[in-house]
Amino acid sequence: MAMATTRLSKSAVVFVSLLSAVALSGFTHGFVTTPRTMLDRLSESSSYLTTKELWLDQTLDHYSPYDHRQFKQRYYEFLDYFQVPDGPIFLQICGESSCRGISNDYISVLAKKFGAAVVSLEHRYYGKSSPFKSHTTENLKYLSSKQALFDLAVFRQWYQESLNLKLNKPGAENSWFVFGTSYSGALSAWFRLKFPHLTCGSLASSAVVLAVYNYTEYDKQVGESAGPECKAVLQEITELVDRRLESNRTELKKQFGATELEIDGDFLYFLADAAVVAFQCGNPDVLCTPLVEAKRTGEDLVAAYAKYVKEYFAGTFGVGVESYNQKYLKNTSVSEYNSDRLWWFQVCTEVAYFQVAPTNDSIRSSKVDTKYHLDLCKNLFGEGIYPEVDATNIYYGGTKIAGSKIIFTNGSQDPWRHASKQTSSPDMPSYIITCRNCGHGTDMRGCPQYPLGIGGNAQNCSSPDAVNKVRQKMIEHMDLWLSECRGTDEALPVLLVRITYLQSVISFIFPFHAVPFRMPGIQPQELH
């Protein structure tokens, strides 16, 4: 099937859930990717609604009139709650990691409530959806948010038409709505912005819609989320590590199980992320309680931190040290679980999010600076690779996104919230869920965000009411926007009948000058 020729304009719209695969993922360089160990644990539980793989032929370059190459893109569907034939459709988009199925988080609750089908599309290049057998810099040139958004639009149309064939309802339109978390939250908002005719609305959970060059707010939020006592201990650990790195770097790296990280910046980034994950993912006590106690009893703070890093960050959480190793990141071989190089390419070309240390009062080492990031981009991808942050924000609007019917949600402790839209504007409400362990994607995942709480269980949040109040607001907006979509769908056939009648009258009065009327985006054969 030639996906490039699929029509992108239909009359009404569908309920798309761009819920990121980040909900199933691990963590590297401040962003969530998917370690094999965590995916294996998830697949053994009820963390997925389905893991049955399906495939479609996707266009490689949506913006070329000459290149008609295609690749296989993986997707999933879950129909247990679908109210045939007119129920809405939720499209759950996996983000910057392998997509092993449809996650069983709050999307399952919403699907059941609205009688929705849930479909999930894997992001191009990630998991099993790579167009190439090698991820060289040249082959990565089709990896971008713009191409990914077009993938969503094509998939949305293809799936709708496929469903119509199965139900023998040619030309029918279900209601779609977009959900997403983190990077997929940004895709969710951007999809509604760029393809408003294809969705009734969007939920953009912890959506990083603002590309940021030097993202110092990230480290500042870690300090705020830690609180004064824990923050002071983390800063002291950073000072001790910096000094020991100068005096005995080999022994220090061995203490953290990270001797393979020969570049000091890689090692310091690894240590910084280990602390971040506790606050971003709703487990602050796992980090702060033992460190504050170690400080109180006079223990070696570096040893206490190393214990946390090895047992929780690398152990329980499943982050591999190699994902911070630039030698590993330069590997161009294609693997279902090797997503780190792919995300770094997007970082180094589109969004940056360089998590540099602030000038004053930082948690992370000052050696994690702009130069480290630029050197990394050059080392991994060669000369001329540079994050076009201004171009990205001009194209999408950043936090001044000129969209409509988009719900923005953020957790109060999430360092990524400063790259999201945190203030409401007309037709784009924004909610911050405030609680002690409300982090990345709390509205969809509950607390803690990892491991996954089935159905997005919020009972372990320090304030379940705060989560539930925002969820209720989400449902109210979705209900309204879906009903408005259904009203448009129901009115369209009547409108077309009236147009056809008007055409016949005009043709009768002016038989030699009548021009066939065409609705924008609707082909003549559809006007029946």
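Just so it is clear, the structure is predicted and the values come from calculations on it, not from any experiment.

1. Observations concerning the layout of surface pockets
Sizing a probe to match a water molecule and rolling it over the atoms shows the empty space that remains.
So, point 1. The calculated volume of the second largest pocket comes to roughly 240 Å³.
So, point 2. Around the second largest pocket, the lining comprises 15 residues; the ones closest to its centre are L143, S144, K146, T349 and E350.
So, point 3. Put simply, the parts of the chain that give the lining of the second largest pocket at least two residues each are α3 (145-167), α10 (340-351) and α12 (389-396).
So, point 4. Considered class by class, the residues forming the lining of the second largest pocket number six nonpolar, four polar and five charged.

2. Looking at the nonpolar core
So, point 1. Counting 117 residues, the largest nonpolar core has F256, F267 and Y305 as the members making the most contacts within it.
So, point 2. Beyond its immediate stretch of four places on either side in the chain, F256 contacts F267, F270, L271, V302, Y305, A306, V309 and K310.
So, point 3. Judged by nonpolar contacts, the second largest core, of 36 residues, contains Y76, F90, C438 and A466.

3. A word on the packing of helix α7 (residues 284-297) against helix α8 (residues 301-316)
So, point 1. Across the interface, α7 lies against α8 with an axial gap of 9 Å and an inter-helix angle of 160 degrees. Here α8 runs roughly antiparallel to α7, going by the angle between their axes. Here α7 runs over α8; the crossing is right-handed. Contact residues: V286, L287, L291, A294 and K295 in α7; L301, A304, Y305, Y308 and Y312 in α8.
So, point 2. Looking at the contact of α7 with α8 residue by residue, the class counts come to nine nonpolar, no polar and one charged.

4. Focus on the pattern of salt bridges
Side-chain pairs of opposite charge can arise where the charged atoms are in close proximity.
So, point 1. Counted according to the given criterion, the structure contains 25 salt bridges.
So, point 2. Residue R364 pairs with D219 through a salt bridge whose shortest N-O separation is 3.2 Å. Linking R364 in the loop between β10 (352-354) and α11 (370-381) with D219 in helix α5 (residues 216-255), this pair joins segments that are 145 residues apart in sequence. Here the two residues R364 and D219 agree in accessibility, since each one is buried.
So, point 3. Among the ionic pairs, R244 bridges to D300, the shortest N-O distance being 3.4 Å.

5. Quick notes on the side chain of S225
So, point 1. Tracing the chain through its elements places S225 in helix α5.
So, point 2. With near-sequence residues (within four places) excluded, S225 lies in contact with F279 and Q413.

6. Describing empty space enclosed by the protein
So, point 1. Summed over the entire model, instances satisfying the criterion amount to three cavities of 30 Å³ or more.
So, point 2. What the largest cavity holds in volume is close to 180 Å³.
So, point 3. Looking at the largest cavity, it is lined by 16 residues, and the ones nearest its centre are T238, L271, A272, I363 and R364.
So, point 4. When residues of the lining of the largest cavity are traced back to their parent elements, those giving at least two are α5 and α6 (264-280).
So, point 5. Considering each element in turn, the lining of the largest cavity owes the most residues, seven residues, to α5.
So, point 6. For the lining of the largest cavity, a count of residues per class yields 11 nonpolar, two polar and three charged.

7. Some points on the packing of aromatic side chains
So, point 1. This model, assessed by the stated rule, comprises 35 aromatic pairs.
So, point 2. Taking 5.8 Å as the distance between ring centres and 80 degrees as the angle between the ring planes, the aromatic pair formed by F150 and F195 counts as edge-to-face. Taken together, the residues span a long stretch of sequence, with F150 in helix α3 and F195 in the loop between α4 (183-194) and β8 (202-205) at a distance of 45 residues.
So, point 3. The class for F150 is buried, based on a relative accessible area of 18%.
So, point 4. You can call F195 buried: its relative accessible area is 10%.
So, point 5. Centroid distance Y215 to Y218: 5.7 Å. Interplanar angle 55 degrees. Geometry classified as tilted.
So, point 6. Residue classification places Y218 among the buried positions, given a relative accessible area of 0%.
So, point 7. Sitting above the plane of the Y395 ring, K146 keeps its charged end 4.2 Å from the centroid.
So, point 8. In this arrangement the basic side chain of R471 is found over the ring face of Y106, its NZ or CZ atom lying 4.1 Å from the centre.

8. Side note on the confidence of the model for the protein chain
So, point 1. Chain-level pLDDT for the protein chain is 88 on average; 84% of the residues reach the 70-or-more range.
So, point 2. Overall, residues 491-502 carries pLDDT values under 50, and its contacts beyond four positions in sequence, including any with other chains, amount to seven contacts.
So, point 3. Note on residues 504-528: pLDDT is under 50 here. Beyond four places in sequence and across chains, it has 23 contacts.

9. Observations concerning α6
So, point 1. In a regular helix each residue adds 1.5 Å, so 17 residues correspond to 24 Å; α6 covers 24 Å between its end C-alpha atoms and thus fits that length.
So, point 2. Judged by how many residues are buried, α6 sits mostly within the fold: 17 of 17 residues are covered.
So, point 3. A positive backbone phi angle near 80 degrees is found at G282, which sits one or two residues after α6.

10. Here's the deal with α3
So, point 1. Its 23 residues give α3 an end-to-end C-alpha distance of 33 Å, which sits within 8% of 33 Å, the value for a rise of 1.5 Å per residue.
So, point 2. For α3, the buried fraction is high: 17 of the 23 residues fall into the buried class.
So, point 3. Positive backbone phi, at 55 degrees, marks N168, one or two positions downstream of α3.

Rules used throughout
Residues numbered from 1 in each chain as written. Predicted model: local features only at pLDDT ≥ 70, side-chain atom pairs only at ≥ 80, totals over all residues. Heavy atoms only, no water. 1 Å grid on protein atoms, 1.4 Å probe; cavity = no way out; pocket = protein on both sides within 12 Å on 5 of 7 lines; lining within 4 Å. Points joined across faces, edges and corners; volume = space filled by probe spheres on them. Helix = DSSP H or I, 4+ residues; strand = E, 2+ residues; numbered from the N terminus. Nonpolar A, V, L, I, M, F, W, Y, C, P; charged D, E, K, R; others polar. Core = buried A, V, L, I, M, F, W, Y, C linked by side-chain atoms within 4.5 Å. Buried < 20%, exposed > 50% of the residue type's maximum accessible area, 1.4 Å probe, protein only. Contact = heavy atoms within 4.5 Å. Axes fitted to C-alpha atoms, helices over the stretch in contact; angles between N-to-C directions. Parallel < 35°, antiparallel > 145°, perpendicular 65-115°, else oblique. Left-handed = near helix turned anticlockwise from the far one by under 90°. Salt bridge = Lys/Arg side-chain N within 4 Å of Asp/Glu carboxyl O. Phe/Tyr/Trp six-rings, centres within 6.5 Å; stacked < 30°, edge-to-face > 60°. Lys NZ or Arg CZ within 6 Å of the ring centre and 35° of its normal. pLDDT = per-residue confidence, 0-100. Expected span 1.5 Å × (residues − 1).

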